[in-house]
Amino acid sequence: MSDALLPDTCIGCSACVAACPVFAADGGFAGPKVVGPAFARRREGGWPGEPYPGPAEAAALGADLCLRCHACDLACPAGIAVSALTGQAKTLAAQTPQTAFRRFSGRLLADQERFGHLVSAAGAARRLGRCLAPRLALGLERTGLRVLGLSPNRSLPAPPRLSLPTWLESTRRPEVERTLPSLILFAGCHARLHDPRVGQAAVSVLRAAGYRVALPTQVCCGSPASSSGEEELAAQAARANVALLGQASTRLGEATPIVSPCPSCTLALRRTLPELVPGQAARQLASRVWDLGEFLAGPAESGLHQALERTMKRTVERSRVRTSGPFAYHTPCHLQALGSGRPFPALLGALGSGTFLDPGPAADGCCGMGGLAGLTAAGYRRSLATGRPVLEAYATLEPALILSDCPACRWQIADATGRDTAHPVEVLAAALAGPDSPRRPLRAAPLSISKEGIPRTS
Amino acid sequence: MTYDVVVIGSGLAGLVAAASAAAGGAKVGVISTSSGNLGLWSGLATGPAGGGRDVAEALCFFLETGERAGLPYRRAAALTGFDLLAASGRKIRAVLAPETMAAGDLRGLPTAACGSGLLVAGFTELADYPAALIAAEARAWTGLAVNHRSLSLGREVGHGSGPRIARLFDDRTWFQGFLDAARRVLIAEKPWRAGMDTARPAAIAFPPVLGLFAFRDNLTALSEALGCPVFELPALPPSIPGQRFWRFWRHRLEADGRVTFHAGRKVVKTGVEDGRCLWVADELTRFQARAFVLATGGVAGGGLLVSPSAFFAVTADDGEDGRQDQDRWSVDPAPDTPREPLFDLDTAGQGPDWLTWGPRTDRDGRPFQRAGAEGGSEAPRSSGAGRRRKPLANVFVAGWLLGGSEKRPPDACLSIVSGWRAGRLAASLAAKPDGERGGDPR
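The model shown is predicted, which means the values in this text are computed figures rather than measured ones.

Here is what the cut-offs are and how they apply
Residues numbered from 1 in each chain as written. Chains lettered and ligands numbered in written order. Predicted model: local features only at pLDDT ≥ 70, side-chain atom pairs only at ≥ 80, totals over all residues. Helix = DSSP H or I, 4+ residues; strand = E, 2+ residues; numbered from the N terminus. Contact = placed C-beta atoms within 7 Å. Axes fitted to C-alpha atoms, helices over the stretch in contact; angles between N-to-C directions. Parallel < 35°, antiparallel > 145°, perpendicular 65-115°, else oblique. Core = buried A, V, L, I, M, F, W, Y, C linked by C-beta atoms within 7 Å. Buried ≥ 20, exposed ≤ 12 C-beta atoms within 10 Å, placed from the backbone. Domains from an automatic or database assignment. Nonpolar A, V, L, I, M, F, W, Y, C, P; charged D, E, K, R; others polar. pLDDT = per-residue confidence, 0-100.

Asker: What's the story with the overall build of chain B in this structure? I'm lost.
Answerer: Secondary structure assignment for chain B yields 12 helices and 20 strands. Considering only intrachain contacts with a sequence separation of at least 6, the fraction spanning at least 24 residues in chain B is 71%.

Pasting the structure below:
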């Protein structure tokens, strides 16, 4: 076991507690120090006669409330992977007895592969319903959400007309791509199943930068499962991805980079996957996983600049390349945990694509969504309360678009502030397409659900 | 990834070094595992700042950057620094203090403090902040009239801790309600102690939890509502002043666009050639730079490797019956000296006697206070297997890693001054054309 997982390394300083966004907002959460290292120490062997702590004890500490934002990891002066230890308690807490239906719906949500396919399979019916009887269709959708334990206050993404793989194949130009280096796009469930626009933008930008983009068969990264405490599901997903991406790499080359526009997917593939799947293959796979921004600012940078030069030659003046701004940029927790910096604001700034507003230091924290946690009926208000400082900071700004790499952050910010959000790669794609391309809004305004304002505490 | 300057560590020294290098025009990458000891920091810069132009410039730079970051610090008018109350209620000297604490300078308080008293306000729900004890200690140590009052923050807090209460104070609506309660509880209608000529305290000290972000507005509003100066006292961790520092400085540096933070990364490899460091790397990424600042902290921050045996070698003598006798545990002088893990730098350790964990009570006597990379804040020496090699020309050491090397305990002033100096030297070295590098930057 690595030192980072030894609870005895904890010096009890509470730096993690000061950094934890859930602890600050939620009286039910005992804090990362108690749920992480202290609980792990009790499990390793407490005082003689002390009962061995089980699922009920973990649940009593509110272990299920941890959002896995990793803020504790980045605060710990002793270098402990606090979130990995809270994760163990979370997995334990998930074993508390519950009704068969709750167990089923919980597992369904944690299994994004199944749930996502269910939602996209229902897409045609949803589209038809929204055309024929919008109010009735919306009412039915919300009832469905309630039954599954999801919050009816959340706006659902509009069902996509064209799936990402279909679009990718239809726009492929084999004669141009033949000589280009390949990369594997790990699109993430959101871009693959719910909102292909981010995937399309990522593909356009990567192609413009001189890469042949492959989208081999892949499954959910397992992040929603592990943040719901469903370790076995996460391990299944990890094993499946090692096999599927391994096959694709045999075809495309063992060193082919794997690029994901979603920081949570990148984090799961890079950090969690080698822990869940032992062996050299998983480690080798994890070592070539890139966050999209990191990849564009790194290996693809010169290609990207050349692409922009080409676009500029087509335009009369540089300013016309710019997409409408100003923007605000939100750094997702998982991008911070990856230690990748903030590549997109730097890229967009360097390319002259828009100006950025400063939302202040309060906006640097966790938005509170925590993947699936904020979607559930029980977690909805809690998620808004957790993200309150961040959401208020954005609510007071008036940017044209709030940009963030993470779909959950975008969802939360859009729902709570009523502002338009987009992935920064969409702005980059629009800048590269130039003024000749047909203009369309980057994102339609979503439903604003915060009529009662952002709650203070849960 | 390529930068002009790479700073390793993002505690106080690392952040100051990054700001200083960025101010010198460098593109800076900060690689760190965590926010270091900031989570434990009281927010005060204690310890002697020393004299000289460099120190004055460093402190000036720190004050200016704090102002730009929205977290202003103050420097005492008196040469000896501020006289403040510590978390224990005892008197403490500080060269720099956050604006929220600087108003608590005991010498600057109205002279009436002796008559109507300084009031230590506590919150019933706040753990680890015994207002009564702090007031009693303060009375004993300062000779001032110090009283205490506690007020409840309401059911909403539950069993509160600093971060939860700070979150409440960031809420404007809640804070308006708090102002009324504070007025009612803290400002008595008639004198509540014999000999007091007024019910209004001369000044009120609050725990340092008056908001993570809205603290400046809150203090102004409180001072107006209560009709006397108010200030924050330092407190035990979890430290809100440390959190404020981390968030406000990091945000400013990131927003200015010259500094990139790579958090959660542990440097495990270095590339050294001809007495110069070319790159450092974690398991995944190689970071190249022209100059490096080593601000990895002391033993607690991981900047120094000390095996347990370096602190004390515990041996148990076997008794006559072969069993280990608890009374005969003995603590031997430690055999190991601490090692700087990245570049294998010499430390201030002087062999076994250096690590004696004796009964001395002065701070210099503790091993972790005296450990430190040797060589001043400019060019550390590198040693390998007992041989001394040329100092690394483009690696600069800052912060607690230096502690002890100058026979002084590490403190925040050391971090600020050495961080500023290391950042400035690194930036100027990085700005030189290729041919001119490699010499002594001094």
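Asker: Sorry, what's going on with the packing of helix α2 (residues 53–69) of chain B against helix α12 (residues 412–431) of chain B here?
Answerer: When two helices pack together, you describe them by how their axes are tilted relative to each other and by the distance separating the axes. Residues and elements named next belong to chain B. Running from amino to carboxyl end, α2 crosses α12 at an angle of 95°, the nearest separation of the two axes being 9 Å. The angle between α2 and α12 falls in the class roughly perpendicular. Residues D54, V55, A58, L59, F61 and F62 of α2 lie in contact with α12, whose contacting residues are I416, V417, W420 and R421.

Asker: Would you take a moment to explain the interface of chain B and chain A for this structure?
Answerer: Interface size is commonly expressed as the accessible area that is lost once the parts come together. Contact with chain B, which involves 40 residues of that partner, is made by 31 residues of chain A. By residue number, the principal contributor to the side of chain B that touches chain A is helix α9 (residues 240–256) of chain B, which donates 7 residues.

Asker: Is there a simple way to explain the nonpolar core in this structure?
Answerer: Nonpolar side chains in soluble globular proteins tend to be buried together. All names here are of chain B. Within the largest apolar cluster, 261 residues are counted, with the highest numbers of intra-cluster contacts made by V5, V293 and A426. Among the elements that make up this core, the one with the highest residue count is α12 (12 residues). Sequence-distant contacts of A426, defined by excluding residues within four places in its chain, comprise V5, A21, A26, A291, F292, V293 and F396.

Asker: Help me out: how do you make sense of unusual backbone geometry in this one?
Answerer: Backbone geometry follows two general trends: most residues other than glycine have a negative phi, and most peptide bonds adopt the trans configuration. In this structure, the amide linkage connecting P237 of chain B to the following residue, P238 of chain B, adopts the cis form with an omega of 5°. The residue P238 of chain B is located in the loop between β10 (230–232) and α9 in this model. Phi angles above zero are rare outside glycine, and R68 of chain A is one such case at about 55°. Structurally, R68 of chain A is set in the loop between α4 (55–60) and α5 (82–93). Assessed through the 27 C-beta atoms surrounding it within 10 Å, R68 of chain A is described here as buried.

Asker: Could you clarify how one ought to interpret the domain arrangement of chain A in this entry?
Answerer: Residues and elements named next belong to chain A. Domain boundaries in chain A define domain 1 (6–93), domain 2 (100–147), domain 3 (164–297) and domain 4 (315–433). Between the C-alpha centres of domain 1 and domain 3 the distance comes to 31 Å. The partner domain 3 presents 4 residues to the 6 residues of domain 1 that form the contact. When the residues that make up the side of domain 1 that touches domain 3 are grouped by side-chain class, the tally is 1 nonpolar, 2 polar and 3 charged.

Asker: What should I look at first to understand the environment of A235 of chain B in this one?
Answerer: Residues and elements named next belong to chain B. Tracing the backbone shows A235 in the loop between β10 and α9. Taking the C-alpha atoms as reference, A235 lies 9.9 Å from G89; in sequence the two are 146 residues apart. Residues in contact with A235, not counting those within four places in the same chain, are A87, Y129, P207 and P208.

Asker: Teacher, can you tell me more about the confidence of the model for chain A here?
Answerer: Low pLDDT marks stretches whose predicted atomic positions should not be read closely. Residues and elements named next belong to chain A. In the predicted model, chain A carries a mean pLDDT of 86, and 90% of its residues have values of at least 70. Element-level mean pLDDT values for chain A span from 78 in helix α8 (residues 123–132) up to 97 in strand β3 (residues 258–260). Confidence drops under a pLDDT of 50 for residues 316–322, and excluding neighbours within four residues, the segment shows 15 contacts in the predicted structure. Across residues 438–452, confidence stays below pLDDT 50; counting only partners more than four residues off in sequence or on other chains, it has 19 contacts.

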